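# Examining the three-dimensional arrangement
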Amino acid sequence: FKVDHKLKLDCWRFLATNNMGQRHSYNGNKEEQLVGLLGEIITKNMFGVQHKFTVGFDGGYDFMYKGKKYDVKTMGRNVNPKDYYVNNFVSYQKDFDCDFYIFTSLNKKLNELFICGYVSKSELMEKAMLYKKGTKRERTDGTHFYTNCDNYEIQNNQLNDIKYII
C-alpha cells in the first residue's frame, strides 16, 4: 500500500503534541511512533475500520473486526521485507487483551506498507523466539544491535496469510 502524503502529515501533526507510547517502557521515539501509526491506520483502512486519533492507552489492541481484537505491529525498514526478516514484539505487551497480531513492514524510502501476515496470540508465544534485554542480535548485512528490552521475534515465513481473516 502506498503511504499517502496527507496521511503522513496528519500523523506528524498528531504526534507533535501527543505521545503514542503508553506501554510499561520502551515506547519508541517519534519516528518509530509514526511508523506504527501509519501501519495501524493503513491496516484499519484495509479492514474497513475508521481511524480516530485518540490520546491514551488503547487497551492493548488497535481495532476490533468480527468480534476479535487485533493489534498491528509495524517495522520501519529501508528495503522491502523478505520471508526470513523478523518482526519484533515487545514482551511487555504479551499480557494485554488481544486476540491477533498483524505484522506489517514500512519501506521508508519508497513510502510503501507491506502486510507481512498475522498470528494469534497463542501462535506468537509458540512460534516466536524470546531474546532477553541486552542480547546481541546479528543482522543479515553483518551489523548488530543489543535488545533494549525482552523481545520476541517471529519471521515473516511463520505468519499466516492475511487473506484468511479478511
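Structure: above.
Report on the accompanying structure. (Residues numbered from 1 in each chain as written. Predicted model: local features only at pLDDT ≥ 70, side-chain atom pairs only at ≥ 80, totals over all residues. Heavy atoms only, no water.)

Moving on to the environment of Asn156. As for its placement among the helices and strands, Asn156 is situated in the segment after strand S9 (151-155). Taking the relative accessible area as the measure of exposure, Asn156 reaches 9% and is therefore buried. Taking C-alpha positions, Asn156 is 9.8 Å from Ile115, a pair spaced 41 residues apart along the chain. Ignoring anything within four residues of it in the chain, the contact list for Asn156 reads Pro81, Lys82, Asp83, Tyr85, Asn87 and Cys116. (Helix = DSSP H or I, 4+ residues; strand = E, 2+ residues; numbered from the N terminus. Buried < 20%, exposed > 50% of the residue type's maximum accessible area, 1.4 Å probe, protein only. Contact = heavy atoms within 4.5 Å.)

With that settled, consider the nonpolar core. Residues Leu7, Cys11, Leu37, Leu38 and Leu106 are the most contacted members of the largest nonpolar core, which totals 13 residues. Sorting the residues of this core by element identifies helix H1 (5-17) and helix H2 (30-46) as the ones contributing at least two each. Of all the elements, H2 adds the most residues to this core, at six residues. The contact partners of Leu106, leaving out residues within four places of it in the chain, are Val3, Val35, Leu38, Thr74, Met75, Gly76, Arg77, Glu112 and Leu113. (Core = buried A, V, L, I, M, F, W, Y, C linked by side-chain atoms within 4.5 Å.)

In this section: the side chain of Asn18. Here Asn18 is to be found in the loop between H1 and H2. Assessed through its relative accessible area of 15%, Asn18 is described here as buried. For Asn18, the residues in contact, after removing those within four places along its chain, are Lys30, Gln33 and Val55.

This next bit is on H1. The terminal C-alpha atoms of H1, which comprises 13 residues, lie 19 Å apart, in line with the 18 Å expected from a rise of 1.5 Å per residue. Buried residues of H1: Leu7, Cys11, Phe14 and Leu15, and no others. Buried residues in H1, looked at end-on, bunch into an arc of 95 degrees, giving them a common side. Among the exposed residues of H1, those pointing more than 90 degrees away from its buried face are His5, Lys6, Arg13, Ala16 and Thr17. Among the structural elements, H2 are those in contact with the buried residues of H1. (Expected span 1.5 Å × (residues − 1). Arc of directions from axis to C-beta.)

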